[in-house]
Structures are given as C-alpha cells and as structure tokens.
Amino acid sequence: MKLLTEDLISRGYLKTPRTIDAFYKIDRVDFVPEELKSEAYVNEPLPIGYGQTISQPLTVAFMLELLAPEEGEKILDVGSGSGWQSSMLAYIAGDKGKVFAIERISELSEFGRKNSEKYNFKNLKFIIGDGSKGYGKEAFYDRIIVAASAFSEIPEELKKQLKIGGRLVIPVENSIWLVVKKAEDEYEEKEFPGFAFVPLISE
Ligand code: SAM
C-alpha cells in the first residue's frame, strides 16, 4: 500500500495530506476477495462479484482530489461496492463527520460493511438502495461522490442534495465531472474526459 500510494503521489495524482494519509491507512487488501489478495496493490480495477469492481486506485485518487473532502463533513458515497473508498472517506471525515455509503446490490453492501468492520468506524453507515437519486433522508451533503457512470447527464437530484458550497464528483459516460454548488440553482461544472466506469443503474 505504501509503494502504491508513493507511486500515486510521485505521478501527481495524490496531493492532499489527509487524503494521502487515508491511502496509507485504509489497506486495499482488506477490500478485495480472498482469491485476489495477491493483486490488491496492482493499479487496476479488480472484480468483486456481481459484475462489479473495486475501482482503480489511480481513478479513486483523482476523484478524491477533485472532491476535496474535509474533516467534519457529511458525505454521500454512491456505489460503495467493496467499501474501500467509503472507508477512506470515513477516515477523512473523522469523528465529527458522517459518511452514508449507498449500494444497490445488497450482497455487495454487506461485503463492503464486513470489509470495513476491521477499521471500526462509528461514522460510516451502509445503506442498500438506488443512489442515482441520492439519499434524501440525510440531505443536504457537503460532498457527494459517485463510483458508477451516469447515462448522458448528471442526475438533477444529486445536485439538489448538495449544500451551497458543496462538491459533487460523478462520471458521466467516459468523463468525470466536478460540480460545485455556488448558490441555490447555480452550479459550476467542469469535465475531465478519458475514464471508464461500470454503469450507474437507476430503478
Ligand atoms: N468505490 C467502490 C469500490 O472501490 O469498491 C466502487 C465499486 S464499483 C466501481 C461501482 C458500484 O456502483 C457497484 O458496486 C455498483 O453495484 C454500484 N451502483 C451502480 N448503480 C448504482 C445505484 N444506482 N445506486 C447505488 N449503487 C450503484
């Protein structure tokens, strides 16, 4: 994990001290299936069952740097999968923050919850459901991050569930978008092309 993290720092993907710390502390080997433990530190997505993957470390680093999560924040993580990124977010948010990790496949939500148990986070809650509409029950959020790719546009409901000043990072087809909520119904949006994701499946 140390070598993988150092590689992401030297290539300029990881920059922020608390996010770098999360990479050092939340070991990817704890979040991959038993038979893939030997590949945990390879900079590639890996299968976690049900046609899904634990995301590529480089992509997670890039998206977390755009998200710029901070201690004490309320964060929504859509598509929690293995629970690796959710656990890093829980580490960054700290005791005063809260992370809601939503996943549509119940078996994966359970896989993520079990994987993260080792770290004993009190501020991380796993939810089974369709996160393409956010999670209105706990809105509004400082940060929202989505690990699966939306079809053709950014779901309006996710933008609405941001606090003013909040940030949303979401893939749409083969681009990652950063959305910053400037005021009610006023958003600044920036596109970063050249990525591949599993699809965000809406019910
Ligand atoms: N951060 C996760 C990780 O590293 O393990 C990413 C897992 S994978 C790339 C994306 C996840 O999004 C999958 O587990 C998939 O089931 C989930 N997903 C897809 N559409 C969803 C939806 N509408 N609501 C919640 N989760 C969804």
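All values derive from a computational prediction rather than experimental measurement.

**Student:** Help me get a handle on the environment of Ile154, residues and values and all.
**Tutor:** Mapped onto the fold, Ile154 is located in the loop between strand 6 (141–146) and helix 6 (156–160). Once the C-alpha coordinates of Ile154 and Ser132 are considered, the two residues, 22 residues apart in sequence, prove to be 9.4 Å apart. Filtering out sequence-adjacent residues up to four positions away, Ile154 remains in contact with Lys159, Leu168, Ile170, Val172, Trp177, Val179 and Glu189.

**Student:** Mind laying out the nonpolar core, listing which residues take part and the relevant values?
**Tutor:** In this structure, Phe23, Leu64, Trp84, Met88, Val169 and Ile176 are the most contacted members of the largest nonpolar core, which totals 46 residues. For this core, the secondary-structure elements that each account for two or more residues are helix 1 (2–10), helix 2 (17–25), strand 1 (46–49), helix 3 (57–67), helix 4 (84–93), strand 4 (98–103), strand 5 (124–128) and strand 8 (175–183). When residues of this core are assigned to their parent elements, the largest contribution, 8 residues, is made by helix 3. Filtering out sequence-adjacent residues up to four positions away, Trp84 remains in contact with Met1, Phe23, Ile26, Asp27, Arg28, Phe31, Ile54, Ser55, Pro57 and Val60. Leu76, Tyr135, Tyr141 and Leu162 belong to the second-largest nonpolar core, a separate cluster that totals 20 residues.

**Student:** How would you summarise the site of the ligand if you had to cite specific residues and measurements?
**Tutor:** Within the structure, the ligand sits among 24 residues, and Ser82, Glu103, Asp130, Gly131 and Ile201 are positioned closest to it. Interatomic distance of 2.6 Å between a side-chain N/O atom of Ser82 and an oxygen atom of the ligand. In this structure, Gly131 approaches the ligand through a main-chain N or O atom, which is 2.8 Å from a nitrogen atom. Within the complex, 99% of the 600 Å² of free accessible area of the ligand lies under protein. When residues of the shell around the ligand are traced back to their parent elements, those giving at least two are strand 2 (52–54) and strand 4. It is strand 2 that contributes the most residues to the shell around the ligand, 3 residues altogether. A per-class count over the shell around the ligand returns 10 nonpolar, 11 polar and 3 charged.

About the thresholds
Chains are numbered independently. Their residues run from 1 in the order of the written sequence. Only residues with pLDDT of 70 or above have their local features reported here, since the model is predicted, and side-chain atom pairs are shown and tallied only from 80 upward, although totals for entire chains, interfaces and linings are computed over all residues. Water and hydrogen atoms play no part in the side-chain values, which are based on all heavy atoms of the structure. Under the scheme used here, helices are H or I runs from DSSP no shorter than 4 residues and strands are E runs no shorter than 2 residues, and both carry numbers assigned from the N terminus. Contacts were defined at the residue level, with two residues in contact if any of their heavy atoms lie within 4.5 Å. We call a set of buried Ala, Val, Leu, Ile, Met, Phe, Trp, Tyr and Cys residues a nonpolar core when their side-chain atoms join them within 4.5 Å. Relative accessibility thresholds used throughout: buried, under 20% of the residue-type maximum; exposed, over 50%; partly exposed, between the two (1.4 Å probe, protein chains only). The cutoff for a nearby residue is simple: one of its non-hydrogen atoms must lie within 4 Å of the molecule or strand. In protein, a polar contact means a hydrogen-donor-capable atom and an acceptor-capable atom, both N or O and within 3.5 Å, with residues adjacent in sequence counting only if both atoms are side-chain atoms; elsewhere, any N or O pair within 3.5 Å suffices. The Shrake-Rupley method, run with a 1.4 Å probe, gives the accessible areas here. Residue values count only the displayed protein chains as cover. Each residue is assigned to one class: nonpolar for Ala, Val, Leu, Ile, Met, Phe, Trp, Tyr, Cys and Pro, charged for Asp, Glu, Lys and Arg, and polar for all the others, Gly among them.

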